[in-house]
Amino acid sequence: MPEAFRNEPLTDFSKPENAREMRAAIEKVQNQLGREYPLIIGGERITTSNKFDSFNPAKRTVVVGRFQKATPELASRAVETAFAAFQSWKNTSASHRADLLFRVAHILRQRKHELSAWMVYEVAKPWPEADGDTAEAIDFCEFYGREMLRYGGPQPLTRIKGEENVLEYIPLGVGAVIPPWNFPLAIMAGMTSASFVTGNTVVLKPSSDSPTIAYKFFEILEEAGIPPGVVNFLTGSGAEVGDVVVDHPKTRYVAFTGSREIGLRINERAAKVHDGQNWIKRVVAEMGGKDAIIVAADADLDDAAMGVVQSAFGFQGQKCSACSRAIVDAGIYEPLLQKVADRTDKIRLGDPTDVATTMSAVINQKAFNNINDYIEKGKAEGGRLLVGGGSDAEQGFFIEPTVIADVKPGATIEQEEIFGPVLAVLKADNFDHALKIANDTQYGLTGAVYSTDADKLERARREFHVGNLYLNRKCTGALVGVHPFGGFNMSGTDSKAGGHDYLLLFLQAKVSSERTGATVSRRVEQGTAV
Ligand code: NAD
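Residues numbered from 1 in each chain as written. Predicted model: local features only at pLDDT ≥ 70, side-chain atom pairs only at ≥ 80, totals over all residues. Heavy atoms only, no water.

Thoughts on the side chain of Asp 291
Argument step 1. Among the secondary structure elements, Asp 291 is positioned in strand S12 (residues 291-295).
Argument step 2. Notably, Asp 291 is buried but unbridged: the nearest opposite-charge side chain belongs to Arg 325, and the N-O separation is 6.9 Å.
Argument step 3. The residues contacting Asp 291, other than those within four sequence positions of it, are Cys 320, Ser 321, Ala 322, Cys 323, Ser 324, Arg 325, Leu 445 and Thr 446. (Helix = DSSP H or I, 4+ residues; strand = E, 2+ residues; numbered from the N terminus. Buried < 20%, exposed > 50% of the residue type's maximum accessible area, 1.4 Å probe, protein only. Lys, Arg positive; Asp, Glu negative; His and termini not counted. Salt bridge = Lys/Arg side-chain N within 4 Å of Asp/Glu carboxyl O. Contact = heavy atoms within 4.5 Å.)

The structure is reproduced here in structure tokens:
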């Protein structure tokens, strides 16, 4: 057995040797920008006549990687290939698959800074954010490897006389793995590795905003020795290729993380049974958030302001867990606002290759336009622009960290996911009112409460309806194993990635019961046992 799981430590870039190594990785990756990458189906490298590029959001004309647009025929072939590979992969042992995943973790660790550097370029992650993403990917591999050994071992059953009962977890089949671009390594690697370590085979369709990082991960899988066809790499339009893979009768389940809109579409399409399909497709869908931090009258205001600003603007506010609403008790509203404004002013917006940059560009033109529209709407609906509000898409998609105060419950920017660096601040009459505002949303992913009153914290535990609740700390930064992650309501299926229940979503349980002697229990003999 491997030693107990421990989280991968984060890199301290204030240490000169660490900063030097990261700078070297950034230089190395810079020299590899603009290369072309194939599709990989059953180990075969395939190019198509239609291509698309992924760009550096902070330098919008710089191509990070050129990719193939898969056709619907190739998407179908990827599913068929995964289905063929499943026939042998499902028979490999749990320990064989876990060992493969531990090798993947080992290689990820060796190339840590290089992978982080790819994220600096492809999604404009500042260094510590990219480093956290890579560490989380390593954690998922280490954690799910250990979990597979646990699920692969003997499972507890009530014993009865005269029968030998065994429960085994077996894989499902072909999984469509559809990740977002915002944790382009961690979430993509997490859903992919949970799939194959449990004995399933995969069609991996990465986001078109972050395909290079997914390709780099795929290369690591190959280096670790994954057999051809167990994971297939399929790039192309989400709508065209995604629909084909989701609809295919040989697809057994879909593991999706992304927007509410696409998650619901997938859920609906997956419910339809197609000719030749022998199962109900399982859908694991983790979706958006409209996460709130409540600051009570008795909170430590410096702590609260720090938590709000870190949660609102870390990685440009492009986290499903990002704080997009601060709900502040009227008694401390103005002083808290001032502290939030002061901290927001200190954020350094810039090129993510520079270690001093604390916030960078948003992912693409569409997001840039969308976020700016929300800022305008926030002001038009009576919000007071406190900080930021400016933007510039000349070089890259830069939007200032923006705080809009005096937002009313029910306003557009209080209800809809913005997925950018925009914080709405609302005034609450008291703690009851604050909880009511916080819960008045379709979503239920993360939330936090700052208070020094144990009763208020206890009420939040009972009444704040979110999958991940944080008390007196920020609402981002979930750690594998420590904070199993997933949300309620329109935030998804609450799959709790990085938790002990997660692999069950990729498995089904088979029970075999063998009569072993003449003295069989009456309950079994009479057929009253289920
Ligand atoms: P998105 O929904 O636009 O895309 C997600 C993935 O779906 C991409 O790979 C995309 O190519 C694919 N896709 C698009 N159309 C498809 C279709 N018709 N069929 C199949 N696949 C299709 O989301 P995004 O912009 O990549 O990510 C941001 C969203 O993800 C935000 O809403 C954020 O809150 C959410 N998110 C949630 C979590 C969580 O754990 N709950 C984590 C990270 C991100």
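Read on for the rest.
As for helix H8 (residues 238-247)
Argument step 1. Most of H8 is tucked away: seven of the 10 residues are buried.
Argument step 2. Along H8, the residues that are buried comprise Val 241, Gly 242, Asp 243, Val 244, Val 245, Val 246 and Asp 247.
Argument step 3. Summarising the contacts, the buried residues of H8 are in contact with helix H2 (72-89), strand S7 (174-178), strand S8 (201-204), strand S10 (251-257) and helix H9 (260-271).

Details of the packing of helix H14 (residues 431-439) against helix H15 (residues 454-463)
Argument step 1. At their nearest, the axes of H14 and H15 sit 12 Å apart, and the two run at 25° to each other. Judged by the angle between their axes, H14 and H15 are roughly parallel. Handedness of the crossing formed by H14 with H15: right-handed. For the pair H14 and H15, contact is made by Phe 431, Asp 432, Leu 435 and Asn 439 and by Lys 456, Arg 459 and Glu 463, respectively. (Axes fitted to C-alpha atoms, helices over the stretch in contact; angles between N-to-C directions. Parallel < 35°, antiparallel > 145°, perpendicular 65-115°, else oblique. Left-handed = near helix turned anticlockwise from the far one by under 90°.)

Thoughts on the pairing of S12
Argument step 1. Here S12 lies mainly inside the structure; five of its five residues are buried.
Argument step 2. Side-chain alternation along S12 places Asp 291, Ile 293 and Val 295 on one buried face and Ala 292 and Ile 294 on a second face that is also buried.
Argument step 3. Pairing geometry for S12 and strand S13 (residues 323-329), over five bridges, is parallel. Within S13, the position partnered with Ala 292 by the bridge is Arg 325. (Pairing = 2+ DSSP bridges.)

Some words on the site of the ligand
Argument step 1. The ligand sits among 28 residues. The nearest are Pro 179, Trp 181, Ser 259, Met 287 and Glu 417.
Argument step 2. Here Pro 179 contributes a backbone N or O atom positioned 2.8 Å from an oxygen atom of the ligand.
Argument step 3. One of the side-chain N or O atoms of Ser 259 is found 2.6 Å from an oxygen atom in the ligand.
Argument step 4. Protein chains shield 88% of the accessible area of the ligand, which is 850 Å² for the free molecule.
Argument step 5. Going through the elements one at a time, H8, S10 and H9 are the ones with two or more residues in the shell around the ligand.
Argument step 6. For the shell around the ligand, the leading source of residues is H8, giving four residues. (Near = heavy atom within 4 Å. Polar contact = N/O pair within 3.5 Å; in protein donor to acceptor, adjacent residues only side chain to side chain. Areas by Shrake-Rupley, 256 points an atom, 1.4 Å probe, with all protein chains shown as cover.)

A look at the packing of aromatic side chains
Argument step 1. Evaluated as defined, the whole model comprises 17 aromatic pairs.
Argument step 2. Residues Tyr 37 and Tyr 215 carry aromatic rings whose centres are separated by 4.7 Å and whose planes lie at 50° to one another, so their mutual orientation is tilted. With Tyr 37 in strand S1 (residues 35-37) and Tyr 215 in helix H7 (residues 211-224), this residue pair connects regions lying 178 residues apart in the sequence. Comparing Tyr 37 with Tyr 215, the two get one shared label, buried.
Argument step 3. When the centroid spacing of 6.5 Å and the interplanar angle of 55° are considered together, the rings of Phe 67 and Phe 233 count as tilted. Of this pair, Phe 67 sits in strand S5 (residues 59-68) while Phe 233 is found in strand S9 (residues 231-233), placing the two residues 166 residues apart along the sequence. When sorted by exposure, Phe 67 lands in the same class as Phe 233, which is buried.
Argument step 4. Aromatic rings pair up to connect Phe 5, Phe 140, Phe 143, Tyr 144, Tyr 253, Tyr 502 and Phe 506 into one cluster.
Argument step 5. The ring of Phe 315 has Lys 125 sitting right over it, with the charged end atom 4.5 Å from the ring centre.
Argument step 6. The aromatic ring of Phe 431 is capped on one face by Lys 456, whose charged end is 6.0 Å from the ring centroid. (Phe/Tyr/Trp six-rings, centres within 6.5 Å; stacked < 30°, edge-to-face > 60°. Lys NZ or Arg CZ within 6 Å of the ring centre and 35° of its normal.)

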